[in-house]
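# Examining the three-dimensional arrangement
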Amino acid sequence: MAKSNMDQDILKVLYTEEEIKARVQAMGDELYDKFADKNPLFVGVLNGCFIFMADLVRATQLKSELEFIGLSSYNNGVKSSGVVQITRDLQRDITNRHIIVVEDILDSGNTLAFLKKYLLSKGAASITIVTLLDKPSRREKAITADLAGFEVPDEFVVGYGLDYAQQYRNVPYIGVLKPEVYSK
């Protein structure tokens, strides 16, 4: 195992590297079957999606394109503010494109509800929401993922792209952060 000074901040591991890899491959296979003839555009929600999206796109093995959008509603906190801001907009026209939105976690639903409405206003032909983690206990908006990797409890999770204050993204598993780390 690689050296890490972050493991000491993890209360427990929810999903191991091996479990994540297997689930991402299964999700990729499902997306391949659904989009094999559609040349979809993967739209990753920065910054949390980057590790998941890289693995998912490789697992999917489709002719496709990639795009990124930056959205923020957390401002380094542990709870969504409810106000979504675009911090990096799309760089291409998405009119009549089949969009696969790739998100790290569906929590309150504020970000993805905003993004879905935004992409539809830009002319997307279809929107499929794919999230690594789903936390339905925190949902504030009526939105669901079309494809979710794992359901997580109402605990603060980090790793595999998910962060706390821009740290812990590079932890290779999904773990629960010790409360004393974020309640300082």
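All values reported here derive from a predicted model rather than from experimental measurement. (Residues numbered from 1 in each chain as written. Predicted model: local features only at pLDDT ≥ 70, side-chain atom pairs only at ≥ 80, totals over all residues. Heavy atoms only, no water.)

### Some thoughts on the sheet that holds strand β8 (residues 157–158)
Put simply, the rule is: Whether two strands pair comes down to DSSP finding at least two bridges between them. Elements are defined by DSSP. Helices are runs of H or I of four residues or more, strands are runs of E of two residues or more, and each kind is numbered from the N terminus.
Across the sheet, three strands lie side by side as β1-β9-β8; this open sheet has antiparallel pairing. A single partner strand is all that each edge strand has here, and the edge strands are β1 (10–15) and β8. With two bridges joining them, β8 and strand β9 (residues 174–177) adopt antiparallel strand pairing. Across the sheet, residue Val 158 finds its bridge partner in β9, namely Gly 175.

### Concerning the side chain of Thr 111
Applicable threshold: Residues are treated as being in contact if the distance between any of their heavy atoms lies within 4.5 Å.
Mapped onto the elements of the fold, Thr 111 is located in helix α3 (residues 110–121). The residues contacting Thr 111, other than those within four sequence positions of it, are Leu 71, Ser 73, Val 84 and Glu 103.

### Regarding the pairing of strand β5 (residues 98–106)
The following threshold applies: Under the scheme applied here, a residue whose accessible area is under 20% of the maximum for its type counts as buried, over 50% as exposed, and between as partly exposed, the area being computed with a 1.4 Å probe on protein chains only.
Burial within β5 is extensive, with eight of its nine residues counted as buried. Relative to β5, strand β2 (residues 41–46) runs parallel, the two sharing four bridges. Within β5, the position partnered with Val 43 by the bridge is Val 101. Where β5 and strand β6 (residues 126–134) come together, eight bridges link them in parallel fashion. Of the residues in β6, the one forming a bridge with Val 101 is Ile 129.

### Topic: the sheet that holds strand β7 (residues 147–151)
Applied cut-off: Axes here mean lines fitted to C-alpha atoms, for a helix over just the part in contact, with angles spanning 0 to 180 degrees between N-to-C directions.
The strand order β4-β3-β2-β5-β6-β7 describes an open sheet built from six strands, whose pairing is mixed. Two strands close off the open sheet at either side, each with one partner strand: β4 (85–88) and β7. Taken pair by pair, the neighbouring strands of this sheet meet at an average axis angle of 25°, ignoring direction. Both strand β3 (residues 65–72) and β4 contribute to a ladder of three bridges, which runs antiparallel. By the bridge assignment, Leu 71 is partnered in β4 with Ile 86.

No statement about biological role is implied by the geometric values presented.
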